[in-house]
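Secondary and tertiary structure notes
Single-letter residue listing:
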Amino acid sequence: MSQISGLNYGRLDLKVPSYKFLEEGRDVIIFEINGVNSEPGHIYDLPTVFGAYKDIAKHCIALIKVSTMNIKKGVKITPLKIF
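This text gives an overview of the structure that appears in the document. For clarity, every value in this text was computed on a predicted model and none was experimentally measured. (Residues numbered from 1 in each chain as written. Predicted model: local features only at pLDDT ≥ 70, side-chain atom pairs only at ≥ 80, totals over all residues. Heavy atoms only, no water.)

**Re the packing of aromatic side chains**
- With the rule as written, the count across this model stands at zero aromatic pairs.
- Its guanidinium or amino end placed over the ring of F21, R26 lies 3.9 Å from that ring's centre, counting from NZ or CZ. (Phe/Tyr/Trp six-rings, centres within 6.5 Å; stacked < 30°, edge-to-face > 60°. Lys NZ or Arg CZ within 6 Å of the ring centre and 35° of its normal.)

Next up, the structure:
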């Protein structure tokens, strides 16, 4: 992620032949980069909706931390009316 300027938080959707290849970093294809507007993809595989809610809350807390850090660095925020 460090190679993508301005990307501080997100999720990569990958295509890889096997877990072994993933561990070795071999034949990994990134076919989508999802930013802060995407939910954590794993929540749909959790056994209960409460686990999903808990992880979405963690996701939102992480977004607040990243946003606060960026604002302190001088990154301009999008006005609510435009957002």
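Continuing now.
**Some thoughts on unusual backbone geometry**
- Look at D27: it is not a glycine, yet its phi comes out positive at around 55°.
- Along the chain, D27 turns up in the loop between α1 (19-24) and β2 (29-34). (Helix = DSSP H or I, 4+ residues; strand = E, 2+ residues; numbered from the N terminus.)

**Structural notes on the environment of Y44**
- In this fold, Y44 is placed in the loop between β2 and α2 (49-72).
- Overall, the relative accessible area of 61% leaves Y44 in the exposed class.
- At 2.9 Å, the side chain of Y44 and the side chain of E39 are in polar contact. (Buried < 20%, exposed > 50% of the residue type's maximum accessible area, 1.4 Å probe, protein only. Polar contact = N/O pair within 3.5 Å; in protein donor to acceptor, adjacent residues only side chain to side chain.)

**Details of the environment of K15**
- With respect to the helices and strands, the residue K15 is situated in strand β1 (residues 11-15).
- Take K15: its relative accessible area is 55%, and that puts it in the exposed class.
- The spacing of K15 and K73 is 58 residues in sequence and 34 Å in space, taken between C-alpha atoms.
- Not counting residues within four places of it along the chain, the set of residues in contact with K15 comprises D27, V28, I29 and F31. (Contact = heavy atoms within 4.5 Å.)

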